[in-house]
Amino acid sequence: MRILLVEDDPMIGESVRAGLRQDGFAVDWVQDGRAAEVALGTEPFELVLLDLGLPRLGGLELLRGLRGRKNDVPVVIITARDAVSDRIAGLDAGADDYVVKPFDLDELAARIRAVARRRSGRSEAVIKYRDLTLNPATRETSVDGRTVALSGREFALLLALLERPGAVLSRAQLEEKLYGWNEEVESNAVEVHIHALRRKLGANLIKNIRGVGYYVPKRP
Ligand code: CA
(Lines give C-alpha, C1' and ligand atoms only; values in the text may rest on other atoms or scores of the structure.)
Protein backbone atom coordinates (compact mmCIF):
# COMPACT_ATOMS: atom_id res chain seq x y z
CA MET A 1 0.00 0.00 0.00
CA ARG A 2 1.40 3.35 -1.13
CA ILE A 3 1.23 6.08 1.53
CA LEU A 4 2.08 9.79 1.39
CA LEU A 5 3.42 11.06 4.71
CA VAL A 6 3.10 14.84 5.15
CA GLU A 7 5.11 15.89 8.21
CA ASP A 8 7.52 18.79 8.75
CA ASP A 9 9.16 17.45 11.91
CA PRO A 10 12.25 15.55 10.68
CA MET A 11 12.47 13.20 13.65
CA ILE A 12 8.82 12.20 13.57
CA GLY A 13 8.86 11.94 9.79
CA GLU A 14 11.93 9.73 9.77
CA SER A 15 10.64 7.39 12.47
CA VAL A 16 7.14 7.07 10.98
CA ARG A 17 8.56 6.37 7.52
CA ALA A 18 11.03 3.78 8.83
CA GLY A 19 8.42 2.11 11.06
CA LEU A 20 5.74 1.86 8.39
CA ARG A 21 8.22 0.59 5.80
CA GLN A 22 9.10 -2.17 8.22
CA ASP A 23 5.39 -2.96 8.40
CA GLY A 24 5.34 -3.46 4.63
CA PHE A 25 3.93 -0.09 3.50
CA ALA A 26 5.52 1.89 0.65
CA VAL A 27 5.96 5.37 2.20
CA ASP A 28 6.87 8.65 0.50
CA TRP A 29 7.53 11.65 2.70
CA VAL A 30 7.09 15.37 2.00
CA GLN A 31 7.58 18.18 4.50
CA ASP A 32 5.16 20.92 3.50
CA GLY A 33 1.62 21.33 2.23
CA ARG A 34 2.48 22.53 -1.27
CA ALA A 35 4.84 19.61 -1.87
CA ALA A 36 2.00 17.32 -0.73
CA GLU A 37 -0.38 18.89 -3.26
CA VAL A 38 2.13 18.35 -6.06
CA ALA A 39 2.74 14.73 -4.99
CA LEU A 40 -1.00 14.01 -4.79
CA GLY A 41 -1.55 15.54 -8.20
CA THR A 42 1.01 13.30 -9.86
CA GLU A 43 1.11 9.95 -8.02
CA PRO A 44 -1.58 7.43 -7.11
CA PHE A 45 -1.37 7.34 -3.33
CA GLU A 46 -3.75 5.04 -1.46
CA LEU A 47 -3.67 6.94 1.84
CA VAL A 48 -2.33 10.22 3.25
CA LEU A 49 -0.93 10.70 6.75
CA LEU A 50 -1.39 14.42 7.32
CA ASP A 51 0.11 16.69 9.94
CA LEU A 52 -1.93 19.86 10.53
CA GLY A 53 0.76 22.42 11.41
CA LEU A 54 2.75 22.57 8.15
CA PRO A 55 4.81 25.22 6.32
CA ARG A 56 3.47 26.86 3.10
CA LEU A 57 0.02 25.26 3.29
CA GLY A 58 -1.61 23.96 6.45
CA GLY A 59 -2.98 20.44 6.71
CA LEU A 60 -6.61 21.52 7.12
CA GLU A 61 -6.47 23.81 4.07
CA LEU A 62 -4.81 21.04 2.07
CA LEU A 63 -7.53 18.59 3.10
CA ARG A 64 -10.36 21.00 2.30
CA GLY A 65 -8.77 21.66 -1.10
CA LEU A 66 -8.56 17.93 -1.85
CA ARG A 67 -12.17 17.27 -0.93
CA GLY A 68 -13.23 20.40 -2.82
CA ARG A 69 -11.62 18.90 -5.93
CA LYS A 70 -13.48 15.63 -5.28
CA ASN A 71 -10.25 13.84 -4.41
CA ASP A 72 -11.41 11.20 -1.89
CA VAL A 73 -8.03 9.63 -1.04
CA PRO A 74 -8.26 8.31 2.56
CA VAL A 75 -6.67 10.76 5.01
CA VAL A 76 -5.51 10.09 8.56
CA ILE A 77 -4.57 13.24 10.47
CA ILE A 78 -1.52 13.02 12.73
CA THR A 79 -1.05 16.03 14.96
CA ALA A 80 -0.07 17.25 18.37
CA ARG A 81 -3.17 19.43 18.48
CA ASP A 82 -5.39 17.43 20.71
CA ALA A 83 -8.06 20.07 21.32
CA VAL A 84 -11.51 18.67 20.63
CA SER A 85 -12.25 21.57 18.26
CA ASP A 86 -9.23 20.67 16.07
CA ARG A 87 -10.32 17.07 15.97
CA ILE A 88 -13.83 18.07 14.92
CA ALA A 89 -12.49 20.48 12.29
CA GLY A 90 -10.28 17.72 10.84
CA LEU A 91 -13.07 15.18 10.62
CA ASP A 92 -15.50 17.75 9.23
CA ALA A 93 -12.94 18.71 6.57
CA GLY A 94 -13.07 15.11 5.35
CA ALA A 95 -10.46 13.16 7.35
CA ASP A 96 -11.10 9.44 7.84
CA ASP A 97 -9.38 9.19 11.20
CA TYR A 98 -7.33 11.18 13.65
CA VAL A 99 -4.23 10.18 15.68
CA VAL A 100 -2.79 12.45 18.37
CA LYS A 101 0.99 12.68 18.85
CA PRO A 102 2.82 11.10 20.46
CA PHE A 103 1.33 7.92 19.06
CA ASP A 104 2.39 4.33 19.02
CA LEU A 105 3.57 3.14 15.57
CA ASP A 106 1.73 -0.15 15.92
CA GLU A 107 -1.47 1.75 16.63
CA LEU A 108 -0.90 4.00 13.64
CA ALA A 109 -0.39 0.95 11.39
CA ALA A 110 -3.56 -0.63 12.79
CA ARG A 111 -5.57 2.54 12.10
CA ILE A 112 -4.21 2.68 8.53
CA ARG A 113 -5.35 -0.91 7.98
CA ALA A 114 -8.76 -0.14 9.52
CA VAL A 115 -9.29 2.89 7.24
CA ALA A 116 -8.19 0.87 4.19
CA ARG A 117 -10.55 -1.93 5.20
CA ARG A 118 -13.52 0.41 5.59
CA ARG A 119 -12.80 2.09 2.29
CA SER A 120 -12.61 -1.24 0.46
CA GLY A 121 -15.96 -2.26 1.95
CA ARG A 122 -14.48 -5.21 3.81
CA SER A 123 -15.64 -5.74 7.36
CA GLU A 124 -13.35 -8.67 8.13
CA ALA A 125 -9.77 -7.98 9.19
CA VAL A 126 -8.63 -11.21 7.57
CA ILE A 127 -8.83 -11.81 3.81
CA LYS A 128 -9.96 -15.23 2.64
CA TYR A 129 -9.77 -16.43 -0.93
CA ARG A 130 -10.39 -20.09 -1.73
CA ASP A 131 -8.13 -22.04 0.67
CA LEU A 132 -5.90 -19.00 1.22
CA THR A 133 -6.00 -16.75 4.30
CA LEU A 134 -4.13 -13.42 4.61
CA ASN A 135 -3.88 -11.43 7.80
CA PRO A 136 -2.73 -7.84 7.04
CA ALA A 137 -2.16 -7.12 10.76
CA THR A 138 0.30 -9.95 11.33
CA ARG A 139 1.26 -10.36 7.65
CA GLU A 140 0.68 -14.09 8.02
CA THR A 141 -0.39 -16.18 5.08
CA SER A 142 -1.76 -19.69 5.22
CA VAL A 143 -3.08 -22.27 2.79
CA ASP A 144 -5.52 -24.77 4.30
CA GLY A 145 -4.27 -23.70 7.73
CA ARG A 146 -0.64 -24.33 6.80
CA THR A 147 1.57 -21.24 7.19
CA VAL A 148 3.43 -20.04 4.09
CA ALA A 149 6.38 -17.66 4.52
CA LEU A 150 6.15 -14.64 2.17
CA SER A 151 8.51 -11.67 1.96
CA GLY A 152 7.08 -8.23 2.77
CA ARG A 153 6.77 -7.33 -0.91
CA GLU A 154 5.34 -10.70 -1.92
CA PHE A 155 2.69 -10.21 0.76
CA ALA A 156 1.94 -6.63 -0.35
CA LEU A 157 1.63 -7.72 -3.98
CA LEU A 158 -0.70 -10.61 -3.15
CA LEU A 159 -2.80 -8.33 -0.92
CA ALA A 160 -3.15 -5.77 -3.72
CA LEU A 161 -4.45 -8.46 -6.09
CA LEU A 162 -6.78 -10.09 -3.55
CA GLU A 163 -8.38 -6.80 -2.56
CA ARG A 164 -10.10 -6.71 -5.96
CA PRO A 165 -10.40 -10.15 -7.53
CA GLY A 166 -10.99 -9.86 -11.26
CA ALA A 167 -9.32 -6.43 -11.53
CA VAL A 168 -6.20 -6.43 -13.70
CA LEU A 169 -3.24 -4.48 -12.28
CA SER A 170 -0.42 -3.47 -14.60
CA ARG A 171 3.21 -3.93 -13.69
CA ALA A 172 3.52 -0.14 -13.20
CA GLN A 173 0.51 -0.09 -10.84
CA LEU A 174 1.97 -2.93 -8.81
CA GLU A 175 5.39 -1.25 -8.64
CA GLU A 176 3.71 1.90 -7.34
CA LYS A 177 2.09 -0.06 -4.54
CA LEU A 178 5.34 -1.77 -3.56
CA TYR A 179 8.03 0.87 -3.85
CA GLY A 180 8.53 4.44 -2.59
CA TRP A 181 10.40 7.21 -4.43
CA ASN A 182 13.85 6.54 -3.11
CA GLU A 183 13.76 2.81 -3.51
CA GLU A 184 15.60 1.20 -6.37
CA VAL A 185 13.27 -0.95 -8.50
CA GLU A 186 14.80 -3.66 -10.67
CA SER A 187 13.08 -3.72 -14.06
CA ASN A 188 11.80 -7.26 -13.53
CA ALA A 189 11.00 -6.91 -9.78
CA VAL A 190 7.28 -7.56 -10.16
CA GLU A 191 7.85 -10.65 -12.30
CA VAL A 192 10.30 -11.98 -9.71
CA HIS A 193 7.72 -11.55 -6.90
CA ILE A 194 4.95 -13.13 -9.03
CA HIS A 195 7.20 -16.07 -9.80
CA ALA A 196 7.93 -16.56 -6.09
CA LEU A 197 4.22 -16.35 -5.21
CA ARG A 198 3.32 -18.95 -7.86
CA ARG A 199 6.05 -21.24 -6.59
CA LYS A 200 4.82 -20.94 -3.00
CA LEU A 201 1.06 -20.83 -3.58
CA GLY A 202 0.50 -22.72 -6.81
CA ALA A 203 0.69 -21.75 -10.46
CA ASN A 204 -3.07 -21.15 -10.89
CA LEU A 205 -3.68 -18.41 -8.34
CA ILE A 206 -2.28 -15.38 -10.18
CA LYS A 207 -3.26 -15.03 -13.82
CA ASN A 208 -1.49 -12.84 -16.31
CA ILE A 209 -2.65 -11.12 -19.48
CA ARG A 210 0.41 -10.60 -21.60
CA GLY A 211 1.29 -6.92 -21.98
CA VAL A 212 -1.60 -5.85 -19.72
CA GLY A 213 -1.09 -7.10 -16.21
CA TYR A 214 -1.93 -9.52 -13.44
CA TYR A 215 -5.11 -10.54 -11.59
CA VAL A 216 -6.65 -13.24 -9.44
CA PRO A 217 -9.90 -14.63 -10.87
CA LYS A 218 -13.19 -13.60 -9.31
CA ARG A 219 -14.44 -16.09 -6.78
CA PRO A 220 -14.94 -18.99 -6.66
CA1 CA B 1 4.01 20.15 12.18
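Rules of the game
Residues numbered from 1 in each chain as written. Predicted model: local features only at pLDDT ≥ 70, side-chain atom pairs only at ≥ 80, totals over all residues. Heavy atoms only, no water. Buried < 20%, exposed > 50% of the residue type's maximum accessible area, 1.4 Å probe, protein only. Helix = DSSP H or I, 4+ residues; strand = E, 2+ residues; numbered from the N terminus. Arc of directions from axis to C-beta. Contact = heavy atoms within 4.5 Å. Salt bridge = Lys/Arg side-chain N within 4 Å of Asp/Glu carboxyl O. Pairing = 2+ DSSP bridges. Axes fitted to C-alpha atoms, helices over the stretch in contact; angles between N-to-C directions. Domains from an automatic or database assignment. Buried area = accessible area lost by both parts, 1.4 Å probe. Polar contact = N/O pair within 3.5 Å; in protein donor to acceptor, adjacent residues only side chain to side chain. Patch = residues over 30% accessible without salt bridge, like charges linked within 9 Å, V, L, I, M, F, W, Y side chains within 5 Å. Areas by Shrake-Rupley, 256 points an atom, 1.4 Å probe, with all protein chains shown as cover.

1. Some remarks on helix H7 (residues 171-178)
Taken as a whole, H7 has its buried residues at Leu 174, Lys 177 and Leu 178. Buried residues along H7 cover an arc of 95° about the axis, so they all sit on one side. Where H7 is buried, its residues contact strand E1 (2-6), strand E2 (26-30), helix H6 (152-163), helix H8 (189-201) and strand E11 (213-215).

2. Observations regarding the pattern of salt bridges
Using the criterion set out here, one finds 16 salt bridges in the structure. In this structure, the salt-bridge partner of Lys 177 is Glu 46, at a minimum N-O distance of 2.7 Å. On the criterion of sequence distance, the pair formed by Lys 177 in helix H7 and Glu 46 in the loop between helix H2 (33-42) and strand E3 (47-50) is long-range, its members being 131 residues apart. Measuring nitrogen to oxygen at the nearest pair gives 4.0 Å for the salt bridge that ties Arg 171 to Glu 175. Of this pair, Arg 171 and Glu 175 both sit in helix H7, four residues apart, which is roughly one turn of the helix.

3. Thoughts on the sheet that holds E2
In space, the five strands of this open sheet follow the order E2-E1-E3-E4-E5, with parallel pairing throughout. Each having just a single partner strand, E2 and strand E5 (97-100) make up the two edges of the open sheet. Within the sheet, the average angular offset between the axes of one strand and its neighbour, ignoring direction, is 20°. As paired elements, E1 and E3 share four bridges and run parallel to each other. Of the residues in E3, the one forming a bridge with Leu 4 is Val 48. Against the sheet, H2 touches E1, E2 and E3, its axis set at about 165° to E1. Sheet strands in contact with helix H3 (residues 59-68) are E3 and strand E4 (75-79), and its direction is about 170° off that of E4.

4. Brief notes about the sheet that holds strand E8 (residues 140-143)
Judged by pairing direction, the sheet is antiparallel, and its four strands sit side by side in the order E6-E7-E8-E9 without closing on themselves. Of all the strands in the sheet, the pair left with one neighbour each is strand E6 (127-129) and strand E9 (146-148). The sheet shows a mean angle of 25° between the axes of neighbouring strands, direction not considered. By the bridge criterion, three bridges tie E6 to strand E7 (residues 132-135) in an arrangement that is antiparallel. Paired with Tyr 129 across the bridge in E7 is Leu 132. The sheet contacts of H6 involve E6, E7 and E8, and relative to E7 the element is tilted by about 110°.

5. Overview of the domain arrangement of the protein chain
Assigned domains within the protein chain: domain 1 (2-120) and domain 2 (127-215). In this complex, domain 1 contributes 18 residues to the contact, which on the side of domain 2 involves 12 residues. For the pair domain 1 and domain 2, the summed buried area comes to about 1,100 Å², and 47% of that belongs to carbon and sulfur atoms. On inspection of domain 1 and its partner domain 2, the count reaches one salt bridge. Inspection of the domain 1/domain 2 interface yields four residue pairs in polar contact (both at pLDDT 80 or more). Of all the secondary structure elements, the ones that give two or more residues to the side of domain 1 that touches domain 2 are E1, helix H1 (10-22) and E2.

6. What to know about a nonpolar patch on the surface
A surface patch of nonpolar side chains, amounting to about 210 Å² of accessible area, comprises Val 168, Ile 209 and Val 212. Residue placement: Ile 209 occurs in strand E10 (residues 207-209).

7. Examining unusual backbone geometry
The peptide bond linking Lys 101 to Pro 102 adopts the cis configuration, its omega dihedral lying at -5°. Here Pro 102 is to be found in the loop between E5 and helix H5 (105-120). The backbone phi angle of Lys 70 is positive, close to 65°, even though this residue is not glycine. Along the chain, Lys 70 falls in the loop between H3 and E4. Looking at Lys 70, the relative accessible area reads 73%, which means it is exposed. Phi at Asp 144 takes a positive value of approximately 55°, unusual for a residue other than glycine. The residue Asp 144 is located in the loop between E8 and E9 in this model.

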